[in-house]
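Tertiary structure, described
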Amino acid sequence: MDIKSPSTTYLTPCFSSFVWLGDSTLLVCTIPTSRGNPPKKPLVPPGPKIQSNEQKNTIQVRTYQDLLKDEYDADLFDYYATSQLMLVSLDGKTELFGKPAVYTSLDPSPDEKYIMLDSFHRPYSYTVPCGRFPKKVDLWTADGKFVRQLCDLPLAENIPITHSSVRQGMRSINWRADRPSMLYWYGFACILCVFTRSERIRPLSFALQYWCSVAGIFISGMWVETQDGGDAKVEVSPRDIVYMQPAEASEGEQPTILQKLDLRYGGISWCDDSLALVYESWYKTRKTRTWVISPGNEDVSPRILFDRSYEDVYSDPGSPMFRRTSYGSYVLAKIRKQHDEAPYLLLNGDGATPKGNIPFLDLFDINTGKKETIWESDKEKYFETVVSLMTDNNEGDILLDQLKILTSKESKTENTQYYIHSLADKKACQITNFPHPYPQLASLQKEMIRYERKDGVQLTATLYLPPGYDVSKDGPLPCLIWSYPGEFKSKDAAGQVRGSPNEFASIGPTSPLLWLARRFAVLSGPTIPIIGEGDEEANDRYVEQLVASAEAAVEEVIRRGVAHPYKIAVGGHSYGAFMTANLLAHAPHLFSCGIARSGAYNRTLTPFGFQNEDRTLWEATNIYVEMSPFMAANKIKKPILLVHGEEDNNSGTMTMQSDRFYTALKGHGALCRLVILPYESHGYSARESIMHVLWETDRWLQKHCVANTSELNVDAVSLKEGEGKTDVNSQVTSATGGSGGGAKEEDLDHGFHSLRRSSLW
């Protein structure tokens, strides 16, 4: 379009922007032509800002950022988020669709004859994010005719902080993937759990009043009713009941029970009326179950297919693969060896083993539970995973001898390429040839290492060494340890190996692996499991387990002779920054300095839970205080670099956390530095910010790690007699290129820029 034309139409940048309806029509979110100028902030406040809880409601919320603050903010939100829907065809014709609203989702039915529209509306909130604002879900025909309102959810400020707590009201309304225009959604009186692959189970709730068929749409109703009143702390069996009712239900017809669940409902994978998989799980115990049901046959009883702990990656059978339908939706793929044989499911798994992940593809007999591996990744050199099926052009079951799959393949030194495999003739065709993204580090050395914590928990880390490094000739190096703790319910699960030794070393803009170019050893992702078995919560012994894990990692790199015991730095981002500050407070004998990016350091500023902790400050006061490095600022004597985005919108990690931590450190004479990046959020995006973070980090490492001459408490690290023994005073490789001592302090600020540009990428 001509941007100078008065009739120019602009897309709304908030939430959804457009969706295809057929091959030649777009439904787009546009800026209303009547929008006018932005609202102006009042020069004089209209009055005080008042929040009230005179009804004595119990409302607990996590510490959220970037919330609306007043009526002016609410007006701005409406101004920038409101859209006018418009149908736009390829021949340039346009037609208005509905009325302006704050549309957040445009979801066409598989046959593209209908569309669901989600939108926010007032009253807004100043205490919770926009995802909890009042929300309407409306059903329209694709040509712009309103059919009905499916729900209008009220403001949800009172969702409890306990895992599996939920919003009241209708949630997660979806099109059934195996039908042209069949709606299904989860509804129940108090609570509902929705599961996606990329998220933990999230409980959601609503009071469902009716199910119906309107304007010829065949809608099949399904919902869940919780039996625990929406409170995950209440013990009851069953916990959720799943109901189903046809849209054409006659007057007085009662819904049928599709499933009773003792855990929290977690979603359905559809295939057809004879087969669907229902998922349930429970966060506190890490248990997950998969049920087999026949949605179209009430005489077939549901049965458990898998019942396991989702923490136990060694027992993971894999996830079912999906095929594309003629409508473009995806359903469970059925595979047959012969036309007259019973169908199988395809399970695509990570293949976790004590030696690392070995991805696989299994034929799985859903009736007998027997499986047959039809494809597996190379065990020795390569790491290859199945991306998708390529044989799904036709409806119905897929014959095994016609099966083709798309895989990604990589090794320690070879970057990812894509292949199409024909399983019948076992041939693979490479379809990409991406160049190496950083050839200067193409010959870096990578090893997945195993070692043990003093309480017997097995730990894993990936050790990276610079190209051309030889421990016997070059001796120990400065070392950077970069990690992020995780919570577990069992020692066995915590000790399992995750990842593959053959994965390509991906290096991001601020990755610690960049310091391989500066002749550092890098210990990436050493596991730091915080374990709470039985009735014990993981954080009950957070500091103890954190220090024990760090001691084991430091001991291992020194034992191998690759790390100088006086020149080991520790760093992390977000919860890893929290870890870094705690280690400098409680294990100063291990590290020469620390780098903490975008962290939270005072847990009293997140009183209603943080990370996976769902006890409040008042329920676990000692835990909150003991875990807060802010409370131990007087113990931190090692140099610490704090980096934070000025506009951090991540829950709990507000910029104030670093500001106040720095003030506390400075007040106790600690060697510290605080860097606030303008306009940056929890992660950093601007080139200027990224380059500055790299400069600050390198300066800190050169000054307080490479040039460190203070002797740490080496006695705390148990070096075995005769193993990895080196003269640490004479064989240290300088990170600035020499083989002697550290760089001069006055040169450190400029050391990063003395490298050739090509060596940085």
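In this text the structure is predicted, and so the values were computed from the model without any measurement.

Things to note about the overall build of the protein chain
Each helix and strand in the protein chain was counted, giving nine helices and 40 strands. The buried share of the protein chain, taken over its 761 residues, is 52%. For the protein chain, the exposed area adds up to about 35,400 Å²; of that, 50% sits on carbon and sulfur atoms.

Some words on the nonpolar core
Counting residues in hydrophobic clusters, the biggest one holds 62 residues, and the most contacted among them are Ile568, Leu583, Phe591, Ile640, Phe661 and Leu665. Among the elements that take part in this core, helix 4 (residues 542–559) stands out by supplying nine residues, more than any other. In this view, isoleucine 568 contacts Cys479, Ile481, Val554, Val557, Ile558, Ala563, Leu590, Phe591, Ser592, Cys593 and Cys705; residues no more than four positions away in its chain are not counted.

With respect to helix 4
The terminal C-alpha atoms of helix 4 lie 26 Å apart, and with 18 residues this matches the ideal 26 Å at 1.5 Å per residue to within 8%. Judged by how many residues are buried, helix 4 sits mostly within the fold: 13 of 18 residues are covered. Following helix 4 by one or two positions, glycine 561 has its phi on the positive side, about 80°.

Examining unusual backbone geometry
The omega torsion of the bond from arginine 122 to proline 123 falls at 10°, within 30 degrees of zero and hence cis. Structurally, the position occupied by proline 123 is in the loop between strand 5 (114–120) and strand 6 (135–141). Across the junction of serine 237 and proline 238, the peptide omega takes the value -5°, indicating a cis bond. Its location among the elements puts proline 238 in the loop between strand 12 (221–226) and strand 13 (240–245). Notably, lysine 56 is not glycine yet its phi reads approximately 60°, a positive angle. Among the secondary structure elements, lysine 56 is positioned in the loop between strand 2 (25–30) and helix 1 (71–81). On the basis of relative accessible area, lysine 56 is assigned to the exposed category, the value being 74%. Phi at lysine 426 takes a positive value of approximately 55°, unusual for a residue other than glycine. On the secondary structure map, lysine 426 appears in the loop between strand 29 (417–422) and strand 30 (427–430).

Comments concerning the pairing of strand 35 (residues 521–524)
Taken together, the three bridges between strand 32 (residues 458–465) and strand 35 define a ladder with antiparallel strand orientation. Looking across to strand 35, one finds that threonine 462 is bridged to serine 524.

As for the sheet that holds strand 18 (residues 303–309)
If you trace the four strands from one edge of the open sheet to the other, you get 15-16-17-18, paired in antiparallel fashion. Whereas interior strands pair on both sides, the edge strands pair on one side only; in this sheet they are strand 15 (264–272) and strand 18. Across the sheet, the mean angle from the axis of one strand to that of its neighbour is 15°, orientation sign disregarded. Pairing of strand 16 (residues 275–282) with strand 17 (residues 287–293) involves seven bridges; the strand directions are antiparallel.

Brief notes about the packing of helix 4 against helix 5 (residues 575–586)
At a closest axis distance of 10 Å, the pairing of helix 4 and helix 5 adopts a crossing angle of 85°. Classified by the angle their axes make, helix 4 and helix 5 are roughly perpendicular. From helix 4, Tyr542, Val543, Leu546, Val547 and Ala550 reach across to helix 5, where they touch Tyr575, Phe578, Met579, Asn582, Leu583 and His586. Taken together, the residues that form the contact of helix 4 with helix 5 break down as nine nonpolar, two polar and no charged.

Some remarks on the environment of threonine 385
Structurally, threonine 385 is set in strand 26 (residues 382–389). The exposure class assigned to threonine 385 is partly exposed, which follows from its relative accessible area of 23%. Among all residues touching threonine 385, those that are not within four sequence positions of it are Pro359, Trp375, Leu406, Thr407 and Ser408. Among the polar contacts made by the side chain of threonine 385, one reaches the side chain of serine 408 at a distance of 2.9 Å.

Focus: helix 7 (residues 655–667)
With 13 residues, helix 7 should cover 18 Å at 1.5 Å per step; its first-to-last C-alpha distance of 19 Å lies within 8% of that length. Buried residues of helix 7: Thr655, Gln657, Ser658, Phe661, Ala664 and Leu665, and no others. Where the residues of helix 7 are buried, they touch helix 5, strand 39 (640–645) and strand 40 (672–677).

Section: the side chain of threonine 63
Assignment of secondary structure puts threonine 63 in the loop between strand 2 and helix 1. Here leucine 605 takes part through its backbone oxygen, which lies 3.3 Å from a polar atom of the side chain of threonine 63. The residues touching threonine 63, leaving out its near neighbours within four places in the chain, are Leu605, Thr606, Pro607, Ser651, Gly652 and Met654.

Topic: a nonpolar patch on the surface
On the surface, Leu11, Phe18, Trp20 and Leu90 cluster together to form a nonpolar patch covering roughly 440 Å² of accessible area. Among the secondary structure elements, leucine 90 is positioned in the loop between strand 3 (83–89) and strand 4 (94–108).

Looking at the pattern of salt bridges
Here the structure, examined in full by the defined rule, presents 28 salt bridges. Measuring nitrogen to oxygen at the nearest pair gives 2.7 Å for the salt bridge that ties aspartate 698 to arginine 518. Here aspartate 698 is found in helix 8 (residues 687–706), whereas its partner arginine 518 is found in the loop between helix 3 (491–494) and strand 35, with 180 residues between them in sequence. Of the residues examined, arginine 518 reaches a relative accessible area of 3% and is grouped as buried.

Quick look at the packing of aromatic side chains
Each aromatic ring pair is characterised by the separation of its centres together with the angle its planes make. A complete count under the given rule lists 17 aromatic pairs for this structure. Taking the centre distance of 4.8 Å and the plane angle of 85° together, the rings of tyrosine 79 and tyrosine 80 count as edge-to-face. By relative accessible area, which is 41% here, tyrosine 80 ends up partly exposed. Between phenylalanine 97 and tryptophan 140, the ring centres sit 5.2 Å apart and the planes meet at 40°, which makes this aromatic pair tilted. Pair noted here: phenylalanine 97 is in strand 4 and tryptophan 140 is in strand 6, with a separation of 43 residues, a long-range link. Put simply, the rings of Phe15, Phe77, Phe120, Tyr124 and Phe133 pair up and form one aromatic cluster. The residue whose ring lies beneath arginine 35 is tyrosine 79, and the NZ or CZ to ring-centre distance is 4.2 Å.

Comments concerning the sheet that holds strand 37 (residues 563–573)
Ordered by their spatial adjacency, eight strands build an open sheet running 31-32-35-33-37-38-39-40, and the pairing between neighbours is mixed. Among the strands making up the open sheet, the edge pair consists of strand 31 (445–452) and strand 40. With strand direction ignored, the average angle separating the axes of adjacent strands in the sheet is 20°. In terms of strand pairing, strand 33 (residues 477–482) meets strand 35 through four bridges, oriented parallel. Counterpart to leucine 480 in the pairing with strand 35 is valine 522. This element, helix 8, spans strand 33, strand 37, strand 38 (593–597), strand 39 and strand 40 of the sheet and lies at about 165° to strand 38.

Remarks on the side chain of aspartate 365
With respect to the helices and strands, the residue aspartate 365 is situated in the loop between strand 24 (360–364) and strand 25 (371–376). Nearest to the buried, unbridged aspartate 365 among oppositely charged side chains is arginine 303, at 6.8 Å. Polar side-chain contacts of aspartate 365 include one of 2.9 Å to the backbone nitrogen of asparagine 367. Engagement of the side chain of aspartate 365 in a polar contact is seen with the backbone nitrogen of threonine 368, the distance being 3.3 Å.

Observations regarding the pairing of strand 38
By the criterion of burial, strand 38 is predominantly enclosed, with five of the five residues buried. Side chains Cys593, Ile595 and Arg597 of strand 38 all project onto a buried face; the interleaved residues Gly594 and Ala596 project onto the opposite face, where all are buried too. Inspection of the sheet shows strand 37 paired to strand 38 by five bridges, in the parallel sense. If you follow valine 570 over to strand 38, its bridge partner there is glycine 594. The handedness of the strand 37 to strand 38 crossover, carried by helix 5, is right-handed. Where strand 38 and strand 39 come together, four bridges link them in parallel fashion. Within the sheet, the bridge partner assigned to glycine 594 lies in strand 39 and is isoleucine 640. Between the parallel pair strand 38 and strand 39, the chain is carried across by helix 6 (residues 621–627), and the sense of this crossover is right-handed.

Calculation criteria
Residues numbered from 1 in each chain as written. Predicted model: local features only at pLDDT ≥ 70, side-chain atom pairs only at ≥ 80, totals over all residues. Heavy atoms only, no water. Helix = DSSP H or I, 4+ residues; strand = E, 2+ residues; numbered from the N terminus. Buried < 20%, exposed > 50% of the residue type's maximum accessible area, 1.4 Å probe, protein only. Areas by Shrake-Rupley, 256 points an atom, 1.4 Å probe, with all protein chains shown as cover. Core = buried A, V, L, I, M, F, W, Y, C linked by side-chain atoms within 4.5 Å. Contact = heavy atoms within 4.5 Å. Expected span 1.5 Å × (residues − 1). Pairing = 2+ DSSP bridges. Axes fitted to C-alpha atoms, helices over the stretch in contact; angles between N-to-C directions. Parallel < 35°, antiparallel > 145°, perpendicular 65-115°, else oblique. Nonpolar A, V, L, I, M, F, W, Y, C, P; charged D, E, K, R; others polar. Polar contact = N/O pair within 3.5 Å; in protein donor to acceptor, adjacent residues only side chain to side chain. Patch = residues over 30% accessible without salt bridge, like charges linked within 9 Å, V, L, I, M, F, W, Y side chains within 5 Å. Salt bridge = Lys/Arg side-chain N within 4 Å of Asp/Glu carboxyl O. Phe/Tyr/Trp six-rings, centres within 6.5 Å; stacked < 30°, edge-to-face > 60°. Lys NZ or Arg CZ within 6 Å of the ring centre and 35° of its normal. Lys, Arg positive; Asp, Glu negative; His and termini not counted. Right-handed = clockwise from strand over helix to strand, strands pointing away.

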